[in-house]
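# Fold and geometry: a report
Listed below, chain by chain, are the residues.
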Amino acid sequence: MNARTLIILSLSLSLFVVSPALSAEPSHRDTYVQGVIAILRQHAAHIRMLATIDFKYSHNLVRHVSALEDSFGLLGPMDWHAARAVSLQENDGNHPLMDTEAFESLARDCQKSIKTLHQSAIHRIEGGTAEPVLEALDKVQSKCNHCHGLLGGAAPDVWGNGVPDQPVVP
C-alpha cells in the first residue's frame, strides 16, 4: 500500500468511527423541544407551589397558568403540533395512526382542561382552595400523557413519566 492509500483508508476509518458519535447528537429541533418541555415542567411545578403555599408571590399563580398555556404555543398550534407527531409516528411504523376525528376530540379536551385550570387559578387567588387547581393541572398533564401515549414513541414524554414536578432551585 502506498502512502496515499493509507491516508485515505485512515480518514475513511476515522469517519466511520466518528459518524455514529455525530449522529447521536440531538438535532436543533430536539434540543428546542426539550427546552420547551423544561419550561412547561417549570410552570407546572410553580403552579403546584403557588396553589398550595400562601406567600409573597402567590398572586402570580394565574400568570404561571397563562405562561403554561402560552408555552404550549411555542411548539405551534395544537393541530400543527399533533400533525408533526403523527408524521413521526408514520415514520415509526410500529403504531396504528390516530385518525383526525380522534385527534380533534383529544385536542378539544386538552383545551377545555387548560381553560378549567385557568378558571380554578383565578378562583384560588380570589380566596378559593388549592385542590381544584391541582386537580385541573393533573387533568391537563394526564390529557397530554394520554395523547402522547397513543402516539407510542413518536411523541416526547412531557411530564417525566409521572414524576412530581419540582421547581428548579438555582
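Figured I'd write up the structure that's included with this text. (Residues numbered from 1 in each chain as written. Predicted model: local features only at pLDDT ≥ 70, side-chain atom pairs only at ≥ 80, totals over all residues. Heavy atoms only, no water.)

### What about the state of the cysteines?
Using the following cut-off: Here, a disulfide means two cysteine sulfur atoms that sit within 2.5 Å of each other. Only protein chains enter the accessibility calculation, which uses a 1.4 Å probe; a residue is then buried when its area is under 20% of its type maximum, exposed when over 50%, and partly exposed in between.
For the structure on display, the rule yields zero disulfides. Note on cysteine 110: no disulfide assigned, nearest cysteine sulfur contributed by cysteine 144 at a separation of 4.7 Å. According to the relative accessible area criterion, cysteine 110 is buried, its value standing at 6%. Judged by relative accessible area, which is 9%, cysteine 144 ranks as buried.

### Re the pattern of salt bridges
A side chain with one charge may pair with a side chain of the opposite charge, provided their charged atoms come close. Here is the rule: One speaks of a salt bridge when a side-chain nitrogen belonging to Lys or Arg is within 4 Å of a carboxyl oxygen belonging to Asp or Glu. Secondary structure elements follow DSSP: runs of H or I of four or more residues count as helices, runs of E of two or more count as strands, with numbering from the N terminus.
Under the criterion given, the structure shown has four salt bridges. Here aspartate 138 ties to arginine 48 by a salt bridge, and the two come within 2.5 Å at their closest N and O atoms. On the criterion of sequence distance, the pair formed by aspartate 138 in helix 6 (residues 131-150) and arginine 48 in helix 2 (residues 28-52) is long-range, its members being 90 residues apart. Residue aspartate 138 is classed as partly exposed on the basis of its relative accessible area of 38%. With its nearest N and O atoms 3.2 Å apart, the salt bridge here joins aspartate 54 to arginine 124. Taken together, the positions of aspartate 54 in the loop between helix 2 and helix 3 (61-72) and arginine 124 in helix 5 (residues 100-125) put the pair 70 residues apart, joining distant regions of the chain.

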